[in-house]
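Residues per chain are reported as follows:
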Amino acid sequence: MNVPFLDVRAAYLDLREEIDAAVLRVLSSGWYLLGPEIESFESEFAAYCGARHCVAVGSGCDALELTLRGLGIGPGDEVIVPSHTFIATWLAVSEVGALPVPVEPDERTHVLDPALVEAAITPRTKAIMPVHLYGHPADTDAIGEIAARHGLHVVGDAAQAHGARVRGKRVGSTGTATAFSFYPGKNLGALGDGGAMVTDDPELAERVRLLRNYGSKVKYQHEVQATNSRLDEVQAAALRVKLPHLDAWTDRRRAVADRYLTELAGLPDLELPHVEPWAEHVWHLFVVRTPRREELRRALTEAGIGSLIHYPVPVHLSRAYADERRPEGSFPLAERAAGEVLSLPMGPHLSDDEVTEVVSAVRTALTRQTSPA
Ligand SMILES: *Cc1c(COP(=O)(O)O)cnc(C)c1O
């Protein structure tokens, strides 16, 4: 049996008739941008997140960048980001001309450790960007308190965490604003690129609306210099079909995670993901840690099971951020994570038999005697 890491086509096949009808409706309407689908999707997604406003844009990366721009963050400003994240979080900060200031993660949950945030704040800090990595939310309550004490914005990166909750509150319902990605492989995926920001602040929403559309609200009247980053009507229509199914898909992810957590417990050299009691994890990824990663990965590949590393190179050691003031060893927790993390197959369409197959392959690999050195 082959178990793919993720089957992005499955969600489409599940809802094929509805998605086809929605896409055809847009195609024959002749209205392809900034029309009724995006307007409806924005209000439906804002309601889902428990936020007042949603502005849909071209990608998750753009949602982060335009939110920072909308807050007036730019050259000379610093923004606190996790040392352990997908590079897009840092890039959004760099794109507006501000400086990303990395802070190490909590080693068990892999998300920003609030206890380490305060020490990274300087007079130039303007915002904190917690990333709800792998679907485990960062502690937005603790981070919100620190931000309030220092007069900072909190811009969440929920690209991997649609629907996750912190003490019952959805990510997206707290902080200054929260950005989402609808990249096809995310928990709520479009048929191409897409993203959105949600906020309770009507002025910030309005500014991002200008920024995504050439700085214009009324055609050919341009209030500010800006870019073009709009979610198109086809994507919005497809996302509207999928959104009502998101919570059921998350439940299925949770059931898969529960089986992995139970059936892989107690194996040698394997650290299973930790979930804080206050967190509702949405399991974008199921990430284990093992010092025997290459061996485990090879065994899984031989058994026909997909696995991936999120992410193999810590952002500060990538060529994009090469900086002699941040040599190897400067963010040891992020570096150690990059050397040990491995993501097992995860998704709402994983069958019980496939989960059994993964469990058995991991058990076999890790209980096998390692060959003597
Ligand atoms: C996917 C992702 C992004 C970027 O989203 P895109 O839609 O691909 O631009 C940002 N941050 C994190 C943590 C992500 O996983």
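The structure presented is a predicted model; accordingly, all values stated were derived computationally and were not measured.

Attention shifts here to the packing of helix α2 (residues 16–29) against helix α9 (residues 233–242). The N-to-C vectors of α2 and α9 enclose an angle of 150 degrees; their axes lie 9 Å apart at closest approach. Here α2 lies roughly antiparallel to α9, going by the angle between them. In the crossing of α2 with α9, the sense of the turn from one axis to the other is right-handed. Between α2 and α9, the contacting residues are E18, I19, A22, V23, R25, V26 and L27 on the first element and E233, V234, A237, A238, R240, V241 and K242 on the second. Here the residues of the contact of α2 with α9 are counted per class, giving nine nonpolar, no polar and five charged.

Our next topic: the site of the ligand. Around the ligand lies a shell formed by S59, G60, C61, F86, A88, V131, D157, A159, Q160, S181, K186 and G194. Measuring from an oxygen atom of the ligand, one finds a side-chain N or O atom of Q160 at 2.8 Å. Between an oxygen atom of the ligand and a side-chain N or O atom of S181, the distance comes to 2.6 Å. Within the complex, the protein chains bury 91% of what would otherwise be the 380 Å² of accessible surface of the ligand. Taken atom by atom, the bulk of the ligand overlaps the largest pocket. Tallied by class, residues from the shell around the ligand come to five nonpolar, five polar and two charged.

Turning our attention to the pairing of strand β3 (residues 99–103). Look at any regular strand and the pattern is simple: side chains alternate between the two faces of the sheet. Along β3, four of the five residues are buried, which leaves the element largely enclosed by surrounding structure. Across five bridges, the pairing between strand β2 (residues 78–82) and β3 is parallel. Each residue of the ladder has a partner; that of I80, found in β3, is V101. Assessed by its sense of winding, the connection that carries the chain from β2 through helix α5 (residues 88–95) to β3 is right-handed.

On to the packing of aromatic side chains. This structure, assessed with the given rule, holds nine aromatic pairs. Their ring planes at 80 degrees and their centres at 5.4 Å tell us that F41 and F182 sit as a pair that is edge-to-face. With F41 in helix α3 (residues 36–49) and F182 in the loop between β8 (177–181) and β9 (195–199), the pair connects residues that are 141 residues apart, well separated along the chain. The pair formed by F41 and F182 is uniform in burial state, with each residue classed as buried. Among the aromatic residues, those joined into a ring-pair cluster are F41, F45, Y48, F180 and F182.

Here we take up the sheet that holds strand β10 (residues 279–280). A sheet is described by the order of its strands in space; here three strands give the open sequence β7-β6-β10, paired in antiparallel fashion. At either margin of the open sheet sits one strand with a lone partner, and together these are β7 (169–170) and β10. Bridge count for strand β6 (residues 165–166) against β7 is two bridges, and the pairing is antiparallel. Bridge pairing links V166 to K169 in β7.

This part takes up the domain arrangement of the chain. Domains assigned within the chain are domain 1 (9–244) and domain 2 (245–367). Taken over C-alpha atoms, the centre of domain 1 sits 24 Å from the centre of domain 2. Each partner contributes to the interface: domain 1 provides 47 residues, whereas domain 2 provides 35 residues. Taking both sides of the interface into account, the surface hidden between domain 1 and domain 2 amounts to around 3700 Å²; carbon and sulfur atoms contribute 59%. The tally of links from domain 1 across to domain 2 stands at four salt bridges. If you list the elements that add at least two residues to the side of domain 1 that touches domain 2, you get α1 (9–14), α5, β3, β6 and α9. Considered class by class, the residues forming the side of domain 1 that touches domain 2 number 22 nonpolar, 13 polar and 12 charged.

So, on to a nonpolar patch on the surface. A surface patch of nonpolar side chains, amounting to about 380 Å² of accessible area, comprises L24, L27, Y32 and L33. Its location among the elements puts L27 in helix α2. Note on L27: relative accessible area 43%, which makes it partly exposed.

Bringing the sheet that holds strand β4 (residues 125–128) into the picture now. Note: strands within a sheet are paired through backbone hydrogen bonds, in either parallel or antiparallel orientation. As summarised here, the arrangement of the seven strands in space is β1-β9-β8-β5-β4-β2-β3, forming an open sheet in which the pairing is mixed. With one partner strand each, in any of the chains shown, β1 (53–57) and β3 form the two edges of the open sheet. Strand-to-strand twist of the sheet, defined as the mean angle between neighbouring strand axes without regard to direction, takes the value 25 degrees. Sheet analysis places β8 next to β9, joined by four bridges and oriented antiparallel. The residue of β9 that forms the bridge with A179 is M197.

This part is about the side chain of R289. Turning to its location among the elements, R289 is positioned in strand β11 (residues 286–289). Looking at R289, its side chain comes within polar contact range of the side chain of E340, at 3.2 Å. If we ignore the near neighbours within four places in the chain, the residues touching R289 are E107, H110, D269, L270, E271, R336, A337, E340 and V341.

Moving on to empty space enclosed by the protein. Over the atoms rolls a probe the size of a water molecule, and in doing so it shows where empty space is left. If you walk through the whole model with that rule in mind, you get three cavities of 30 Å³ or more. One number sums up the size of the largest cavity: a volume of about 70 Å³. R108, T109, H110, L133, Y134, H136, P273, H274, H281, L285 and V287 together form the lining of the largest cavity. Split by domain, the residues of the lining of the largest cavity number at least three in each of domain 1 (9–244) and domain 2 (245–367). Size it by volume and the second largest cavity reaches roughly 60 Å³. Along its surface, the second largest cavity is lined by P130, H132, T140, V154, V155, G156, V171, G172, T174, G175, A177 and T178.

Rules of the game
Each chain carries its own residue numbering, running from 1 in the direction its sequence is written. Per-residue local features are limited, in this predicted model, to residues with pLDDT of at least 70; the limit for side-chain atom pairs, both in listing and counting, is 80 or more; totals at the level of whole chains, interfaces and linings are taken over all residues. To get the side-chain values, all heavy atoms of the structure are used, and hydrogens and water are removed first. Fitting a line to C-alpha atoms yields each axis, with helices limited to the stretch in contact; the angle taken between N-to-C directions then spans 0 to 180 degrees. Numbering of helices and strands runs from the N terminus, with a helix taken as a DSSP run of H or I at least four residues long and a strand as a DSSP run of E at least two residues long. Any angle that is under 35 degrees is reported as roughly parallel, and any over 145 degrees as roughly antiparallel; angles of 65 to 115 degrees are reported as roughly perpendicular and all others as oblique. Crossings are assigned a handedness: left-handed for a near helix turned anticlockwise from the far helix by less than a right angle, right-handed for a clockwise turn. A contact between two residues is defined here by any heavy atoms of the two lying within 4.5 Å. Three residue categories are used. Nonpolar comprises Ala, Val, Leu, Ile, Met, Phe, Trp, Tyr, Cys and Pro, charged comprises Asp, Glu, Lys and Arg, and polar comprises the others, including Gly. To be near a molecule or strand, a residue needs just one of its heavy atoms within 4 Å of it. Polar contact criterion, stated in full: a pair of N or O atoms within 3.5 Å, where within protein one must be able to donate a hydrogen and the other to accept it, and residues adjacent in sequence count only if both atoms are side-chain atoms. Reported accessibility uses the Shrake-Rupley method at a 1.4 Å probe radius. Residues are deemed covered only where the shown protein chains occlude them. Here the term cavity refers to a set of points on a 1 Å grid, laid over the protein atoms alone, in which a 1.4 Å probe fits but cannot get out; the term pocket refers to an open set having protein on both sides within 12 Å along at least five of seven lines, with lining residues being those that place an atom within 4 Å of a point. A cavity or pocket is said to hold a molecule if more than half of that molecule's atoms lie within 2 Å of its grid points. Per-residue accessibility, obtained with a 1.4 Å probe over protein chains only, is compared with the maximum for each type, and a residue is labelled buried under 20%, exposed over 50%, and partly exposed between these values. Strands qualify as paired when DSSP identifies two bridges or more between them. If the strands point away from the viewer and the path from the first strand over the helix to the second runs clockwise, then the crossover is right-handed. Each Phe, Tyr or Trp ring (for Trp, its six-membered ring) is paired with any other whose centre lies within 6.5 Å, and the angle between the two planes then decides the class: stacked below 30 degrees, edge-to-face above 60, tilted in between. Throughout the structure description, domain borders are defined by an automatic or database domain assignment. Accessible area that two parts lose when put together, evaluated with a 1.4 Å probe and summed over both, is termed the buried area. For this document, the term salt bridge refers to a Lys or Arg side-chain nitrogen within 4 Å of an Asp or Glu carboxyl oxygen. Patches in this entry comprise residues that are over 30% relatively accessible and not in a salt bridge; like charges within 9 Å are linked, as are nonpolar side chains (Val, Leu, Ile, Met, Phe, Trp, Tyr) within 5 Å. Grid points are joined across faces, edges and corners, and a volume is the space filled by probe spheres set on the points.

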